[in-house]
Every structure is written in C-alpha cells, then in structure tokens.
Amino acid sequence: MTRKNLFIVEDEEDILELLRHRLTREGFIVTTASRGEDALKAIQRKLPDLVLLDLMLPGLDGLEVCRALKKNPKTASVPVIMVTAKGEESDVVAGLEVGADDYVVKPFNTRVLIARIRAVLRRKEEPPPDRDATIHIHDIEINPGRHEVKVKGVPVEMTFSELRILHLLASRPGWVMTREQIVDAVHGEDYPVTDRAVDVQIVGIRRKLGPRADSIETVRGVGYRFKERG
Ligand code: CA
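Residues numbered from 1 in each chain as written. Predicted model: local features only at pLDDT ≥ 70, side-chain atom pairs only at ≥ 80, totals over all residues. Heavy atoms only, no water.

## What to know about the nonpolar core
Soluble globular proteins tend to bury their nonpolar side chains together. Under the convention used in this document: In this text, buried Ala, Val, Leu, Ile, Met, Phe, Trp, Tyr and Cys residues form a nonpolar core when linked through side-chain atoms within 4.5 Å. Partly exposed describes any residue whose relative accessible area lies between the buried limit of under 20% and the exposed limit of over 50%, with all areas from a 1.4 Å probe on protein chains only and scaled to the type maximum. Residue ranges assigned to each domain were obtained from an automatic or database domain assignment. Contacts between residues were defined by any pair of non-hydrogen atoms, one from each residue, lying within 4.5 Å.
Counting residues in hydrophobic clusters, the biggest one holds 27 residues, and the most contacted among them are Phe7, Val51, Leu53 and Val222. Each of domain 1 (5-125) and domain 2 (135-226) contributes no fewer than three residues to this core. Setting aside its immediate chain neighbours within four residues, Phe7 contacts Thr31, Thr32, Ala33, Ala39, Ala42, Ile43, Pro48, Leu50, Val51 and Leu52. Ile137, Leu169, Ile202 and Ile216 belong to the second largest nonpolar core, which has 24 residues in total.

Written as structure tokens, this is what we have:
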C-alpha cells in the first residue's frame, strides 16, 4: 500500500507534535502548518490525500480554510476532517455544510482519529453514490427506480421524500449529514423545508423500517447518519 500524505493544521504545538508522532508511526507522511493562510498555500502547492483541520486557529479560522479548499476546483476533492471543541455542535454543522467530510471532537483518542482517517480515505476511493442505484444494506433494499423499499424481503410503503432521504443516507453509510444537506439533496437548494420537517420524515422512515429502525442514527445537535456496514 502506498503511504498516504496527511496535512495537519493545528496551532497548539503539543497536539501537533503528538499527532505528527502517532500518525507517522502509523505509516502516514505528515506535513503540518499552524496557521490557516500557510496551510492553504502549502496544500495548493502539493495536494495531500487528506487534511486534518483544527477549527480554532488564529487569523484565518478552520471554517474559512475549509470553505476556501472546497471552493477551489484544484483542492475541492481533497477530503477534510475537522477538529472541533467539545460542545460546539454549531461548528460541526457549519463545517459539514461548507464541505468537510467528517469531524472529530477534542479531546480525541488517537486510535479513534486514525480509524476516522482510514475510513475517509477508503470512502474517497469508492465511486460517488448514484442517485438511482439499488442499495442493499442491513437487510434493507432500496430501489428508487421502482420506488420500492423492502426490509428483510418484506415491502414497505414509503412516500417519495422518505424514500429519497433513506436512499441518500444509505448510499453513504458512516457519513453524517446535516438537516440542511438532506433537504438540499432531496429537494434541491432553497426549497422551503424546516429542520423540524426533516426530523418528522426521519421518524416516519424509522417507523417503517421496523426492526431496522436503528440503521439511522441521530447525531445530537448535528444531523443524521446511516450506520456503517459491519
Ligand atoms: Ca486550535
């Protein structure tokens, strides 16, 4: 396996050194920056395989760095894992909405962090989800073309929106999606749907999934996630 290049943006020297040490030992090639401006320049010069981005940075903060990376066609496809402070769910939502791929909360366990990094790198290799593909996962079969959902082989009735939301979440197991991302993906941008409306849809989907209701996990203060295959 080729060694992957990680770019770490972190202004706290102790954490940066710990990460550099642990991630290098895991076989990653690690490059770092302690300021957002420097990170953007370095990443554009040489694209890493993944960016680990602290949100609280002096100067240009992590959110602005993430937005700049995702807006630039050259760097848009580089996955970003945000590092946020505990209790800052609004930062997580904002980060996911500007295109971050995942997040970890400080203080984090480095083993968990490494697992997240590997999962995000793995997902990057997978083909992008197809809006119309049939999905089989956790005994659930979703066929958007035929507008059919089966749980353990038994057909269940779903509305158009319910099926679209279920298909969206199930096509990216393990990814957290915010309510706004769900609305945008299902109805197109600027569709007037409230967060509460998404919650109501999820309640309906879970009820219909019956024994597989736990396939959709609530990520408190952030959104929803389909349980990873496993
Ligand atoms: Ca910081």
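Still more ground to cover, so stick around.
## A word on the packing of helix H6 (residues 160-170) against helix H7 (residues 179-187)
Put simply, the rule is: Inter-axis angles, ranging from 0 to 180 degrees, are taken between N-to-C directions of lines fitted to C-alpha atoms, where helices are fitted over the stretch in contact. Going along the chain from the N terminus, every DSSP run of H or I of four or more residues is numbered as a helix, and every run of E of two or more is numbered as a strand. Take the far helix as the reference: if the near one is turned anticlockwise from it by less than a right angle, the crossing is left-handed, and if turned clockwise, right-handed. Each residue receives one of three labels: charged for Asp, Glu, Lys and Arg, nonpolar for Ala, Val, Leu, Ile, Met, Phe, Trp, Tyr, Cys and Pro, and polar for the others, Gly being one of them.
The interhelical angle for the contact between H6 and H7, taken along N-to-C directions, is 115°, at an axis separation of 10 Å. Considering the relative orientation of H6 and H7, their crossing is right-handed. Two secondary-structure elements touch here, H6 through Ser161, Arg164, Ile165, Leu168 and Leu169 and H7 through Ile182, Ala185, Val186 and His187. Per-class residue counts for the contact of H6 with H7 are six nonpolar, two polar and one charged.

## Quick look at unusual backbone geometry
Here the residue pair Lys106 and Pro107 is connected by a cis peptide bond, since its omega of -5° sits within 30 degrees of zero. When you line up the elements, Pro107 lands in the loop between strand E5 (102-106) and helix H5 (110-125). For Asp139, which is not glycine, the phi dihedral falls at a positive 65°. For Asp139, the location among the structural elements is in the loop between strand E6 (135-137) and strand E7 (140-143). The backbone phi angle of His147 is positive, close to 50°, even though this residue is not glycine. Along the chain, His147 falls in the loop between E7 and strand E8 (148-151). By relative accessible area, which is 34% here, His147 ends up partly exposed.

## Overview of the pairing of strand E1 (residues 5-9)
To keep it simple, the criterion reads: If DSSP finds at least two bridges between two strands, the strands pair. A crossover gets the label right-handed when its path from the first strand over the helix to the second runs clockwise, viewed with the strands pointing away from the viewer.
Among the five residues that make up E1, five are buried, leaving the element largely enclosed by the rest of the structure. The two faces of E1 match: Asn5, Phe7 and Val9 on one face and Leu6 and Ile8 on the other face are all buried. In this sheet, strand E2 (residues 29-33) lies alongside E1 in parallel orientation, the contact comprising five bridges. When the sheet's bridge partners are listed, Asn5 is paired in E2 with Ile29. This β-α-β element, E1 to helix H1 (residues 13-25) to E2, shows right-handed connectivity. Note: E1 against strand E3 (residues 50-54), four bridges, orientation parallel. Within the sheet, the bridge partner assigned to Ile8 lies in E3 and is Leu52.

Any functional reading would require information that these geometric values do not contain.
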